[in-house]
Amino acid sequence: MNKYSLIICFVVFWGQCVLGIDLSRYRFHLMPETSYYGGIQSIAKDSLGRIWYTGPDALFMYDGNSFYQLNDIVSAIKPAQKWGYGSLIRDKKGNLFLASGQGLLKFDYERFSFHVVVPGMIRSLCVHSDGQVYMLSDNSILRYNPQNKQTESFLLPKNKSFQNIMSAKDQVFLSQGAVVYQVEMTKKRLLQFADFGSTTNQVNDAVAYGGEYYFLTQRGGIHVTDLTGNLKQKIPVSIMGNSAVLTKKLYLDQTGVIWVATQAGLYLYDPSNESSSALQMNLNDAYSLPNNSIWTIYPDPDQGAWIGTYGGKIAYCSLYDSRVRYFKPSPGGLNHPIVSSFQEDHLGNIWIGTEGGSLNYWNRKKDQFNPLEKSKGSSSSPHMIKRLKFDRTSKKLFISAYNGGIGSYDVDNQHFSSFNFRSPESQQPLTVYDFVNDKEGTWWMTDPDKLFLYRKKPLDPIEMVSVLDAQGKKMKLEVEALYVNNQDQLCLISHQGFFVVNPHTLKVLKHYALKDASYSANYLCSYTVTSNGEVWLGTLGKGVNVLKRDGTYVNYSVSNGFPAKMVFGILEDVATKNIWLSTSDGLFCFNWKSSKFEKARFYQENNIGSFYIHAAYKTSRGEMLFGGTNGFLLFDPAYLNKNLQKPKVFFYRISGQQ
């Protein structure tokens, strides 16, 4: 393979990884049991917010509390007739229509009943952008105007069989197998628009996007045409390698992604970058598809979409509630409850360290977890992971562990290796809670159960070193965490306060501790350095300490507005600069606008057990991850105060004096 081929392969691979569809956004909330056994073929929401749905032989309504089978209110129109149920649609005025074997029915909100507005068998229908209802009957095209209640029609050719009538942008289309016609109602005629050839290309649905039409065929994928019907592109719809999967419906969501309902799952296609992916039912995920056989997709008038599946399942997806997710250990998912550390790699995927279950890999594009017990060869993942750090230059993940020293995982070559860092005293693998490799190549390592640091200079053996005070005496420090600041100084988060140290002489340059305070006020365990240069330091008993840029060192605890005692992790929001803290009393946010600590209302207490020390991480997207003793929490602070659901007010009943 020449170098140009390699470059092309890299670009294609990079594009798929970086520009791919994020499946983690697609969380489906399953309705309670719908009391129906068959396939949900149509869904609609009425103007009062109630959900209606049909199967071939049943009509149901869900009011938010209970399900009601309402065949009787339809059959009451003609009790002696057989009624078959087709599509439900709602127009922009809130009118609810039902296609049936006996005609087009309109729902009367006041009388809670249906009445026939267009008689005859209605095989297919759609609401067009002009507000009128277009229908395909046995032998005609019909158009019903809800405003003046007038119907007009014209006969179809007798020697042709037509299947579906569809509205897309400014056009109404009619399909006859693989042939698509434009419906010209004013001239009462059909004009051939496109012919997709094969009998497997029967057209089921259509949407308009970016100046083009996307036509869904039954087994031949999506055919894309320009506005005059010229074929521009064919998009195969493939799920698990099956490119002949049976498809039913199209939906264009608010982010520009096209959904395809198939009998093997939900296929997703992004026209902006031509990436695609697929979702299938996952028994280990409470928010996955409830069934792979998807019969219909309904765009909610307010926001989001509903899907109906075989087996009577209905689920709702908003695309925005995925911004808060709780992950617990499960078969096929996270493999251990205690989550101690996170890192994001160059592909945007998340590596998760656990204490007891080795390393976990979360593929964000596929929304799948994989535990890494062993790499290629015989090397194994540590099982008591304390800290993860990813180096984007070498594309290696560095891992420290309890009785495991420090090792690395080569992400591209899928290989674990150990640095064989051992204790100078016992020759056993080191226990390393935190570590940093400075620009001179020296490794600094902490173990808070020891009264010293471990140091490993290039080409030198491991040393046990102590920090020196102003008189040159060794200090007995229990160091939880450490980092190198912008001045290349060593910063120590310890049980005796916050220290800034000269890495060459080991002398203390600055020591920050609260005077005349309880021991717990200086018992530090977590930290973050904010964008304005402040250092926030969590304590194990007295809230949080803040080192301000002017050198002021203050404590926030119960007495001045912060009720939490133990602070396990601290992160800064990219957009607002607010500070988020995982604590023994839940999740808190320091809001700069109000200068107050606020408890996170969205957080479900103890949903992931207790928060875990040091387990806090911010992704490149600005999402926040906090680990716990029973899984971990992910949320995006940018979406917490956004409600894209459009609230509506309606009057159910007005009462008063006559």
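Fair warning: this is a prediction, and the values are worked out from it, not measured in the lab.

Draft legend 1. Here's a closer look at the pattern of salt bridges. According to the stated counting rule, one finds 20 salt bridges in the structure shown. Its salt-bridge partner being D300, residue K45 comes within 2.9 Å of it at the nearest N-O pair. Taken together, the residues K45 in strand 2 (residues 42–45) and D300 in the loop between strand 26 (294–299) and strand 27 (305–309) connect sequence positions 255 residues apart. Of the charged contacts, one joins E623 and R364 as a salt bridge, the two residues approaching to 3.0 Å between their closest N and O atoms.

Draft legend 2. Quick peek at the sheet that holds strand 54 (residues 611–618). The sheet built from four strands is open, its strands ordered 29-56-55-54 with antiparallel pairing. Single-partner strands in this sheet number two, and they are strand 29 (324–327) and strand 54. Across this sheet, the average inter-strand angle for adjacent strands is 15°, counted without regard to direction. Two elements, strand 55 (residues 624–628) and strand 56 (residues 631–635), share five bridges in a ladder whose sense is antiparallel. Pairing of F626 across the sheet is with L633, part of strand 56.

Draft legend 3. Structural detail: the state of the cysteines. Applying the stated rule across the entire model yields zero disulfides. C491 takes part in no disulfide bond, and the closest cysteine sulfur to it belongs to C525, at a distance of 17 Å. Cysteine C589 shares no disulfide, and the gap to the nearest cysteine sulfur, in C525, comes to 19 Å. Classification of C589 by relative accessible area gives buried; the value is 7%.

Draft legend 4. A look at the sheet that holds strand 17 (residues 189–195). Strands sit in the order 14-15-16-17 across an open sheet of four strands; the sheet is antiparallel. Of all strands in the sheet, those with a lone pairing partner are strand 14 (165–168) and strand 17, marking the two edges. Looking at each pair of strands side by side, their axes are set apart by 35° on average, direction ignored. The pairing of strand 14 with strand 15 (residues 171–176) spans four bridges and is classified as antiparallel. Its bridge partner lying in strand 15, A168 is registered against Q171.

Draft legend 5. Quick peek at the confidence of the model for the protein. When the pLDDT values of the protein are averaged, the result is 90; 93% of them are 70 or greater. Predicted confidence for residues 1–18 stays below pLDDT 50, and this span has seven contacts to residues more than four positions away or in other chains. Note on residues 643–658: pLDDT under 50 across the span, and twelve contacts to partners over four residues away in sequence or across chains.

Draft legend 6. Spatial organisation of the pairing of strand 21 (residues 231–235). As judged from the four bridges shared by strand 20 (residues 222–225) and strand 21, these two strands associate in the antiparallel manner. Bridge pairing in strand 21 links H223 to K234. Following strand 20, the chain reverses through five residues before pairing antiparallel with strand 21; G229 in that reversal takes a positive phi of roughly 100°.

Draft legend 7. Layout of the pairing of strand 50 (residues 567–572). In terms of burial, strand 50 is a largely internal element, six of the six residues being buried. Bridge count for strand 50 against strand 51 (residues 579–583) is five bridges, and the pairing is antiparallel. Residue V567 lies in a different strand from strand 51, and its bridge partner there is T583. Between strand 50 and strand 51, which pair antiparallel in sequence order, lie six residues; one of them, K577, sits at a positive phi of approximately 70°.

Draft legend 8. Structural view of the environment of T247. Looking at the secondary structure, you find T247 in strand 22 (residues 247–252). C-alpha of T247 to C-alpha of L266: the two residues are 19 residues apart in sequence and 9.5 Å apart in space. Not counting residues up to four positions away in its chain, the partners in contact with T247 are N204, L216, T217, Q218, V237, V260, A261 and T262.

How each quantity is defined
Residues numbered from 1 in each chain as written. Predicted model: local features only at pLDDT ≥ 70, side-chain atom pairs only at ≥ 80, totals over all residues. Heavy atoms only, no water. Salt bridge = Lys/Arg side-chain N within 4 Å of Asp/Glu carboxyl O. Helix = DSSP H or I, 4+ residues; strand = E, 2+ residues; numbered from the N terminus. Pairing = 2+ DSSP bridges. Axes fitted to C-alpha atoms, helices over the stretch in contact; angles between N-to-C directions. Disulfide = S-S within 2.5 Å. Buried < 20%, exposed > 50% of the residue type's maximum accessible area, 1.4 Å probe, protein only. pLDDT = per-residue confidence, 0-100. Contact = heavy atoms within 4.5 Å.

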